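# Per-entry structural report
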Amino acid sequence: LHDGSIKPADKVTTSRKAAKMGGCQVYLKEGETFSLDDMMKAVVVHSANDASVAVAEYIAGSTEAFVEMMNREAARLGMKDTHYYSVHGLPPAPGQQPDVASAYDQALLARALLKYPEVVKWSAIDTAPFRDEKFVLRNTNHLVRTYQGCDGLKTGFYDKAVFNVVATARRGDLRFVAVVLGTPHKLTNFKEAAVL
């Protein structure tokens, strides 16, 4: 988006692979098409794994190629404790390694993402319509509703990683980023981020 090679209005078509993704999803059907903007809202607001696969395939041609891009960017940002194996962050499939990252690396990534206004626009959304208003995206980051100035950034969960959040808030000219990883309860996760 930043260099103009893709646009928010670009049409992203759902592949069979994307349509078969489990976990949190917006129930994309093979061949179904949405704007890149709508797909990114599904990814950032609703944590939709099916939309993550569709966007990765649109940008890089395959999820494998997109994972390579993710790892190159992580290295460029100095994220020394991070390695991605998937575009969705679900528990690893048999024979696959889990995605790994440290809190420090997540803060580095957040700082880089905050340079792009579209990311903050998406991550600050509380609710948004999807599929001609037949489905409502609700932000998985409760802090956008409960913490003054919170405008993102992203949550994550699966059974072994438990609850995680990279939160960001702005008040006036001051911006903070808080990273909380590995809390056993969702509400504790948000409470600790708010304290930070």
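To start, this report covers the structure provided alongside it. (Residues numbered from 1 in each chain as written. Predicted model: local features only at pLDDT ≥ 70, side-chain atom pairs only at ≥ 80, totals over all residues. Heavy atoms only, no water.)

## Digging into the sheet that holds strand S7 (residues 174-183)
- Spatially, three strands are ordered S5-S6-S7 in an open sheet, and the strand pairing comes out antiparallel. Here the strands that pair on one side only, and so sit at the sheet edges, are strand S5 (150-158) and S7. Strand after strand, the sheet turns through a mean of 5° between neighbouring axes, direction not considered.
- As paired strands, S5 and strand S6 (residues 162-171) are joined by eight bridges and run antiparallel to one another. What sits directly across from Gly152, in S6, is Thr168.
- Sheet strands touched by helix H8 (residues 186-195): S5, S6 and S7. Its angle to S6, the strand with the most contacts, is close to 30°. (Pairing = 2+ DSSP bridges. Helix = DSSP H or I, 4+ residues; strand = E, 2+ residues; numbered from the N terminus. Axes fitted to C-alpha atoms, helices over the stretch in contact; angles between N-to-C directions. Contact = heavy atoms within 4.5 Å.)

## So, the state of the cysteines
- As enumerated under the stated definition, the model contains zero disulfides in all.
- Not engaged in a disulfide, the cysteine Cys24 finds its nearest cysteine sulfur in Cys150; these two sulfurs lie 18 Å apart.
- A relative accessible area of 32% means that Cys24 is categorised as partly exposed.
- For Cys150, a relative accessible area of 11% translates into the label buried. (Disulfide = S-S within 2.5 Å. Buried < 20%, exposed > 50% of the residue type's maximum accessible area, 1.4 Å probe, protein only.)

## A look at the nonpolar core
- Ranked by size, the top nonpolar core spans 34 residues in total, and within it Val26, Leu28, Met39, Phe130 and Leu137 carry the most contacts.
- Those elements that place two or more of their residues in this core are helix H2 (36-44), helix H3 (49-60), helix H4 (63-76), strand S3 (127-130) and strand S4 (135-138).
- For this core, the leading source of residues is H2, giving six residues.
- Setting aside chain neighbours within four positions, we find Leu137 in contact with Val26, Lys41, Ala42, Val45, His46, Asp126, Thr127, Ala128 and Phe130.
- Ranked by size, the runner-up nonpolar core spans eight residues in total, among them Leu143, Cys150, Val165 and Phe190. (Core = buried A, V, L, I, M, F, W, Y, C linked by side-chain atoms within 4.5 Å.)

## Section: the packing of H3 against H4
- As a packed pair, H3 and H4 sit with axes 8 Å apart at the nearest point and diverge in direction by 80°. One element, H3, and the other, H4, form an angle in the roughly perpendicular class. Facing Val53, Ala56, Glu57, Ile59 and Ala60 of H3, the residues of H4 in contact are Thr63, Ala65, Phe66 and Met69.
- Each residue belonging to the contact of H3 with H4 can be placed in one class, and the counts come to seven nonpolar, one polar and one charged. (Parallel < 35°, antiparallel > 145°, perpendicular 65-115°, else oblique. Nonpolar A, V, L, I, M, F, W, Y, C, P; charged D, E, K, R; others polar.)

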